[in-house]
Amino acid sequence: MFQNHLSVCAIKHFSLRFKPLSVALILFLMSSGCSSTSSSNTARTGTEQLLISTAIDEALNKIEFDSFEGQKVHVKHDFLECVDKNYVVSSVRHHVFRVGAQIVEKPED
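Residues numbered from 1 in each chain as written. Predicted model: local features only at pLDDT ≥ 70, side-chain atom pairs only at ≥ 80, totals over all residues. Heavy atoms only, no water.

Enquirer: Run through the overall build of the chain, naming residues and quoting values.
Expert: Each helix and strand in the chain was counted, giving 3 helices and 2 strands. Secondary structure elements of the chain occur, N-terminal to C-terminal, as α-α-β-α-β. Of all intrachain contacts in the chain linking residues separated by at least 6 positions in sequence, the fraction that spans at least 24 positions is 74%. Of the accessible surface of the chain, which amounts to about 9,400 Å², a share of 60% is contributed by carbon and sulfur atoms. (Helix = DSSP H or I, 4+ residues; strand = E, 2+ residues; numbered from the N terminus. Contact = heavy atoms within 4.5 Å. Areas by Shrake-Rupley, 256 points an atom, 1.4 Å probe, with all protein chains shown as cover.)

Right under this line is the structure:
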């Protein structure tokens, strides 16, 4: 009984002794993640990106991709040159994939 009381007292003493240190460590870790700043030099502002992506999505929603259902499709984008090329290609692939087509990387596949 006396030994159990000693171990409980030791645990309480240990936890009370290191509690301020634990709180300080947690606060330090939480604040250190927010200390870095970064900037990006994109070709478009956030508003422009939103407007263009919405326009691309609305244009692609008017196209019927149903004829690609169950087929293998290669999206050729060699002749597409614009700042938003990656978004256009990924949106086209998404629409093709959504109707049940299989996207292939090479036209031979």
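From this point, the discussion proceeds with the structure in view.
Enquirer: Give a detailed account of the nonpolar core, specifying residues and quantitative values.
Expert: By size, the foremost hydrophobic cluster in this structure holds 9 residues: Ile56, Leu60, Phe65, Val73, Val75, Val92, Val96, Val99 and Ala101. Elements with a contribution of two residues or more to this core: helix H2 (46-61) and helix H3 (85-98). (Core = buried A, V, L, I, M, F, W, Y, C linked by side-chain atoms within 4.5 Å. Buried < 20%, exposed > 50% of the residue type's maximum accessible area, 1.4 Å probe, protein only.)

Enquirer: I'd like a rundown of the pattern of salt bridges, residues and numbers included.
Expert: Counting across every chain of the model gives 2 salt bridges. The partner of arginine 44 in a salt bridge is aspartate 84, with the nearest N and O atoms 3.1 Å apart. Of the two residues, arginine 44 is situated in the loop between helix H1 (2-32) and H2 and aspartate 84 in the loop between strand E1 (72-73) and H3; the sequence distance between them amounts to 40 residues. For glutamate 81, the salt bridge identified is with lysine 85, shortest N-O distance 4.0 Å. (Salt bridge = Lys/Arg side-chain N within 4 Å of Asp/Glu carboxyl O.)

Keep in mind these numbers describe shape, not what the thing actually does.
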